Amino acid sequence: MVLPSKKKTNLNSTSKSKKSATKKTQSKAVKGPKQPASQEIDSKVKREGKKVLLHLSRMKIKSLPDEVRKIKDASELYLDRNLIETLPKFMAEFKTLTVLDLHSNNLKTMPLIITCLPHLRVLNLCDNHLTSIPPEIGQLTKLRELYLGLNKLKSVPSQICSLKQLQRIGLSDNKFVRVPKCLRQFKQLVAINFKGNPFLNVTIKECAPMRPKGMLVIRESVLCRTCQSMCQSFRERLENAQTVPSIQTRNDSSINDRVNTLLRQLQLAPRK
């Protein structure tokens, strides 16, 4: 009579172990990237006079947590090096935002909610998976710096010509085969970065309309401000892009020769 009782205890123990194992697997499956708590987000806020800066870099977040909504008076928002695929609708409430950094995320398309930020001056979308830019980007009329390097772009929309205050645009490491026609209409641009695109040379005919105010089409210019130390190909920033005689590159005689040749052909080279 002892044998059946032993079998029952064995069955019970095995069933309990199976249940505990299934609970563990279920708990593991439910777990994902942790959303930052409210206190953690508050610790990321920095105030510099009237400016409110929010740094949420390197937090492995896939979406912007709701707790960010209470900091809608932020003037600069840094979301770089995360796993973000889109932005929530409440981003439209950030009416005072002037800097938005989304480089090194998982964006496949530019979130249209960005075009609802009327005072945006700097937009960094480097190192994502963008294949196109929506025409609504023309609504960002106060934009001064636009960084789109390290994506999969072949063209930019003609509506980009509406960005009358744009001074710098980074298009390096994309799939451009020629200078987009719409960019030739800009007269206030300081520098364009085309480094790492399929075309080998920028022809003089394409560069000629860009001559006003010493605008430079130099493929060795900066990729973007914040990506220099971590992007696929490092770029040297041109410290004095507006002052043509003070152009310096990275101790590379071949690069210097190409730049000086281009400047001479554009009649922008410094006089000897």
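All values reported here derive from a predicted model rather than from experimental measurement. (Residues numbered from 1 in each chain as written. Predicted model: local features only at pLDDT ≥ 70, side-chain atom pairs only at ≥ 80, totals over all residues. Heavy atoms only, no water.)

Visitor: What am I meant to see in the overall build of the protein here?
Guide: Each helix and strand counted, the protein has four helices and nine strands in total. Sequence-ordered secondary structure for the protein, helices as α and strands as β, is α-α-β-β-β-β-β-β-β-β-α-β-α. By residue count, 44% of the 272 residues in the protein fall in the buried class. Long-range pairs, those at least 24 residues apart, make up 38% of the contacts in the protein with a sequence separation of at least 6. About 15700 Å² of surface is accessible on the protein, with carbon and sulfur atoms providing 51% of the total. (Helix = DSSP H or I, 4+ residues; strand = E, 2+ residues; numbered from the N terminus. Buried < 20%, exposed > 50% of the residue type's maximum accessible area, 1.4 Å probe, protein only. Contact = heavy atoms within 4.5 Å. Areas by Shrake-Rupley, 256 points an atom, 1.4 Å probe, with all protein chains shown as cover.)

Visitor: Sorry if this is basic, but what is going on with the packing of aromatic side chains here?
Guide: Think of a pair of aromatic rings as described by two things: how far the centres are apart, and how the planes are tilted against each other in angle. In this structure the tally under the stated criterion is two aromatic pairs. Judged by centre distance (6.5 Å) and plane angle (35°), the ring pair of phenylalanine 90 and phenylalanine 94 falls under tilted. We classify phenylalanine 94 as buried; its relative accessible area is 0%. Pairing phenylalanine 176 with phenylalanine 194 gives two aromatic rings, centres 6.2 Å apart and planes at 70°, and the pair type is edge-to-face. A residue pair is termed long-range when its members are at least 10 positions apart, and phenylalanine 176 in the loop between β7 (168-170) and β8 (191-193) and phenylalanine 194 in the loop between β8 and α3 (204-207) qualify at 18 residues. Across this residue pair, the class does not change: phenylalanine 176 and phenylalanine 194 are buried. (Phe/Tyr/Trp six-rings, centres within 6.5 Å; stacked < 30°, edge-to-face > 60°.)

Visitor: I keep staring at the environment of valine 177 and nothing clicks. Help me out?
Guide: Counting through the fold element by element, valine 177 comes out in the loop between β7 and β8. Here the alpha-carbon distance between valine 177 and phenylalanine 199, two residues 22 residues apart in the chain, equals 4.8 Å. Once you skip the residues sitting within four places of it in the chain, valine 177 turns out to touch Pro198 and Phe199.

Visitor: Just to check I follow, could you spell out the confidence of the model for the protein for this structure?
Guide: Should pLDDT be low for a region, the predicted coordinates there are not to be read in detail. Across the protein, the average pLDDT comes to 74, with 60% of residues at or above 70. Taken element by element, the predicted model of the protein shows its lowest mean pLDDT in strand β9 (residues 216-217) (44) and its highest in strand β4 (residues 99-101) (98). Throughout residues 208-223 the model reports pLDDT below 50, and contacts reaching past four residues in sequence, or to other chains, amount to 70 contacts. Note on residues 266-272: pLDDT is under 50 here. Beyond four places in sequence and across chains, it has 14 contacts. (pLDDT = per-residue confidence, 0-100.)

Visitor: Before we go on, may I ask you to explain the nonpolar core in this structure?
Guide: Most often, soluble globular proteins have nonpolar side chains that are buried together. Ranked by internal contacts, the top residues of the largest apolar core, which has 53 residues, are Leu100, Ile114 and Leu123. When neighbours within four sequence positions are excluded, leucine 123 is seen to be in contact with Leu100, Met110, Ile114, Leu140, Leu143, Glu145, Leu146 and Tyr147. In terms of nonpolar packing, the next biggest core, distinct from the first, is built from five residues, Tyr78, Val99, Val122 and Tyr147 among them. (Core = buried A, V, L, I, M, F, W, Y, C linked by side-chain atoms within 4.5 Å.)

Visitor: Looking at this model, I keep getting lost on the state of the cysteines. Mind explaining?
Guide: Disulfides are covalent bonds that link the sulfur atoms of two cysteine residues. Using the criterion set out here, one finds zero disulfides in the structure. Left unpaired, cysteine 161 is separated from the closest cysteine sulfur, that of cysteine 182, by 4.7 Å. Judged by relative accessible area, which is 14%, cysteine 161 ranks as buried. Relative accessible area serves as the criterion here: at 8%, cysteine 182 is assigned to the buried category. (Disulfide = S-S within 2.5 Å.)

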